[in-house]
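# Coordinate analysis (summary)
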Amino acid sequence: MSEPPYTATVRELFVKTPRGYRWPFSKGLLTETLMNAGMGMEAAMSVSHTVEERLKARKKSEISAAALKRLVVSEVERAFGADLAAKLRKQTHTFEDILVKEGYRRRPFSKGVLARSLEDAGFALKEAYALAKALETDMRQEGLTEITAEELERRVVREVERRYGRSARKRYVGRHNLAGELFVEEAEGEPRVPFSKGVVAQSMMEAGLAPDAAYRLARILEGRLREEGDGIVSRSRLREMVMLLLTDEAGEDIALRYQTLRSIKRTVRPIHLLIGGVTGTGKSLLASALSYRLGITRLISTDTIREILRATVPADLVPTLHTSSFDAWTALALPKQAQPDDSLILQGFRDQVARVAVGLRAIQERGAQERTSLVVEGVHVVPGYLSHPWQSEVIQIPLMLVVNDETIHRDRFTLREKETQGKRPRTDYLRHFDEIRMIQNHLVELAGSARIPVIPGEDLDQAIEKCLEVIVQRMQEAYRQTLPEVRGRGGAA
């Protein structure tokens, strides 16, 4: 039976605070509130869903924070009893503000602001946010709605000392002494820009350093710059200091990779990183990690291109476009053909790839014309379908991600089902697992013929490191004629 036409519009729900702010209702925040009261995740998500459905049934799109709290407590009491409801009633919910009092001023407590102050005191990003989250949870469980800035500071100091010791406490208390601005200048007399630990850490991550290690070294570098006391550092001196720090802390290989990338990136063409592989190999995770480390802001999935094409091209016109890559053969099979052979499976796969390649080529051409780097991932990144007229204007780096271990590959679909809360059930993929593996073998053969690196995807960290090696090597090959000059400049690079 065909589905009825969709005519209703999705109405957004808002929570209004006593201070007059309106925030979009979030099941995630409500689930967090319920878990803070001791409820398990599945039960909390179930209650959140029920509350959301009740809000949608109302004629109003707005509810006060107090009314929402009463509704949540009532639902918990109905489903789980009075004790848990009483505990929930006493605490401050995540959609309620905790106001910080500073004299006559009142401002909402912010985990982000607190985490940044902890980062200024030398804490790693993960440590800072974990500590800020723990402090917020404690205050909400106590039912606080207001706290003085002085009391908040005392709580932070106590928690810092409890977790990390007296030296960390001293560092946090003295963080204001580190607040002087640092500036970087390209050359004497030229405009200056503020020094950024994040930018420095990003450049170290491009060279292969893990994020935590990169931010730790960036903080060490900031400390050394402050010790010099000038407040201004030239770009060449900054790079020299980074080189020395990387050599001491991470080794000569990472330092040389940093030096090479810094020199090349000043004259390099845009990078188009293309990551192929069948479903379940971890392409999305790898692409996200590499785009973050390389500082590339444009990340595109070929699945998105396919969805756009599906919305514009009818299924009866291009049927393979409206299937999954591993069962596109069904759109080409004869009516009585239930079991496909390998050639038909690959025919259907290639037909879909050819359709999506039209959109992929347009995105690559636009990026090349605008001199924009981008990362593209997807099963439709296939050797033979990646060329375009503007290819000479970019450094195109194709990679093929594979999972050779069948057990790990199967387990990935179970994990995906959990992460998407059942929206991508593993049974759909496991039913076609043989077809997926056969397509992977085909892609590996194509990659070998095209001399495209094949990256094992069983371990994400190892895959990232291998990809960075390939990227640096490819950039060196593209600009090999400049490398003697680069090496001759040494630390000034």
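Keep in mind that this is a model prediction, so the values were computed, not measured.

So, how was this worked out
- Residues numbered from 1 in each chain as written.
- Predicted model: local features only at pLDDT ≥ 70, side-chain atom pairs only at ≥ 80, totals over all residues.
- Heavy atoms only, no water.
- Helix = DSSP H or I, 4+ residues; strand = E, 2+ residues; numbered from the N terminus.
- Buried < 20%, exposed > 50% of the residue type's maximum accessible area, 1.4 Å probe, protein only.
- Contact = heavy atoms within 4.5 Å.
- Areas by Shrake-Rupley, 256 points an atom, 1.4 Å probe, with all protein chains shown as cover.
- 1 Å grid on protein atoms, 1.4 Å probe; cavity = no way out; pocket = protein on both sides within 12 Å on 5 of 7 lines; lining within 4 Å.
- Points joined across faces, edges and corners; volume = space filled by probe spheres on them.
- Nonpolar A, V, L, I, M, F, W, Y, C, P; charged D, E, K, R; others polar.
- Domains from an automatic or database assignment.
- Axes fitted to C-alpha atoms, helices over the stretch in contact; angles between N-to-C directions.
- Parallel < 35°, antiparallel > 145°, perpendicular 65-115°, else oblique.
- Pairing = 2+ DSSP bridges.
- Phe/Tyr/Trp six-rings, centres within 6.5 Å; stacked < 30°, edge-to-face > 60°.
- pLDDT = per-residue confidence, 0-100.
- Patch = residues over 30% accessible without salt bridge, like charges linked within 9 Å, V, L, I, M, F, W, Y side chains within 5 Å.
- Salt bridge = Lys/Arg side-chain N within 4 Å of Asp/Glu carboxyl O.

## Considerations on the overall build of the protein chain
Looking only at helices and strands, the protein chain has 20 helices and 14 strands in total. Taking all 493 residues of the protein chain together, 45% fall into the buried category. Long-range pairs, those at least 24 residues apart, make up 68% of the contacts in the protein chain with a sequence separation of at least 6. In the form shown here, the protein chain has an accessible surface area of approximately 26,300 Å², with 50% of it arising from carbon and sulfur atoms.

## Some details on the layout of surface pockets
The volume enclosed by the largest pocket comes to roughly 740 Å³. Forming the walls of the largest pocket are 34 residues, and the residues nearest its centre are Thr279, Gly280, Ser284, Arg416 and Arg424. Residue classes in the lining of the largest pocket are distributed as 10 nonpolar, 12 polar and 12 charged. By volume, the second largest pocket amounts to about 410 Å³. Lining the second largest pocket are 21 residues, and of these Trp23, Leu29, Thr94, Asp97 and Arg140 lie nearest its centre. Put simply, the parts of the chain that give the lining of the second largest pocket at least two residues each are strand 2 (22-24), helix 1 (27-36), helix 5 (111-120) and helix 6 (125-142). In terms of residue count, helix 1 provides more of the lining of the second largest pocket than any other element does, 3 residues in total. Classifying every residue of the lining of the second largest pocket gives 11 nonpolar, 4 polar and 6 charged. Looking at the lining of the second largest pocket, you find at least three residues from each of domain 1 (14-90) and domain 2 (99-179).

## Details of the packing of helix 14 (residues 302-312) against helix 15 (residues 342-369)
Axis separation between helix 14 and helix 15 bottoms out at 9 Å; the angle between their running directions is 105°. Between helix 14 and helix 15, the angle is such that the two are roughly perpendicular. Here Thr302, Ile305, Arg306 and Leu309 of helix 14 lie close against helix 15, whose contacting residues are Gln352, Arg355, Val356, Gly359, Leu360 and Ile363. Per-class residue counts for the contact of helix 14 with helix 15 are 5 nonpolar, 3 polar and 2 charged.

## Overview of empty space enclosed by the protein
Here the structure, examined in full by the defined rule, presents 2 cavities of 30 Å³ or more. What the largest cavity holds in volume is close to 40 Å³. Leu182, Phe183, Leu225, Glu228, Asp230, Gly231, Ile232 and Val233 are the residues that line the largest cavity. Taken together, the elements giving at least two residues each to the lining of the largest cavity come down to helix 10 (211-228) and strand 9 (232-234). The class makeup of the residues in the lining of the largest cavity is 5 nonpolar, 1 polar and 2 charged.

## Regarding the sheet that holds strand 1 (residues 14-16)
One open sheet holds the 3 strands; their spatial order is 2-1-3, and the pairing between them is mixed. Both edges of this open sheet fall to strand 2 and strand 3 (62-64), since each of them pairs with a single strand only. Between one strand axis and the next, the sheet turns through 30° on average, direction left out of account. Pairing between strand 1 and strand 3: 3 bridges, direction parallel.

## Examining the sheet that holds strand 14 (residues 454-456)
Reading across the sheet, the 5 strands line up as 11-12-10-13-14 and stay open at both edges, with parallel pairing between neighbours. A single partner strand is all that each edge strand has here, and the edge strands are strand 11 (299-301) and strand 14. Averaged over all adjacent pairs, the angle separating strand axes in this sheet is 25°, with direction ignored. In the sheet, strand 10 (residues 271-276) pairs with strand 12 (residues 374-377) via 4 bridges, with the strands oriented parallel. Within strand 12, the residue paired with Leu273 across the bridge is Val375. Across the face of the sheet, helix 13 (residues 283-294) comes into contact with strand 10, strand 11, strand 12 and strand 13 (395-402) while running at roughly 160° to strand 10. The strands that helix 19 (residues 460-478) touches are strand 10, strand 13 and strand 14; relative to strand 13, the one it contacts most, it runs at about 155°.

## A short note on the packing of aromatic side chains
Under the definition given, this model contains 4 aromatic pairs. Seen in terms of ring centroids, Phe326 and Tyr429 are 5.8 Å apart; in terms of plane orientation they differ by 65°. Their pairing is edge-to-face. Highlighted residues: Phe326 in the loop between helix 14 and helix 15 and Tyr429 in helix 17 (residues 426-430), separated in sequence by 103 residues. Judged by its relative accessible area of 7%, Phe326 falls in the buried class. For Tyr429, a relative accessible area of 11% gives the class buried. Residues Phe413 and Tyr429 carry aromatic rings whose centres are separated by 5.0 Å and whose planes lie at 5° to one another, so their mutual orientation is stacked.

## Quick notes on the confidence of the model for the protein chain
On average, the protein chain scores 84 in pLDDT, and the residues at 70 or more come to 88%. Every residue in residues 1-10 is under pLDDT 50, and counting partners more than four places away or in other chains gives 0 contacts. A low-confidence stretch, residues 481-493 stays under pLDDT 50, and its non-local contacts, those more than four residues away or across chains, total 18 contacts.

## So, a nonpolar patch on the surface
A cluster of nonpolar side chains, namely Met35, Met41 and Met45, defines an oily patch on the protein surface of about 260 Å² accessible area. Relative to the elements of secondary structure, Met35 occurs in helix 1. On the accessibility criterion, Met35 (35% relative accessible area) is partly exposed.

## Describing the environment of Ile455
Counting through the fold element by element, Ile455 comes out in strand 14. You can call Ile455 buried: its relative accessible area is 1%. Between the C-alpha atoms of Ile455 and Gly276, which are 179 residues apart in sequence, the distance is 9.9 Å. For Ile455, the contacting residues outside a window of four places in its chain are Leu399, Met400, Leu401, Val402, Ala463, Lys466 and Cys467.

## Some points on the packing of helix 9 (residues 197-206) against helix 13
At a closest axis distance of 7 Å, the pairing of helix 9 and helix 13 adopts a crossing angle of 125°. Relative to helix 13, helix 9 is oriented oblique. In this structure, helix 9 uses Gln202, Met205 and Glu206 to contact helix 13, whose residues at the interface are Tyr292, Arg293 and Leu294. Per-class residue counts for the contact of helix 9 with helix 13 are 3 nonpolar, 1 polar and 2 charged.

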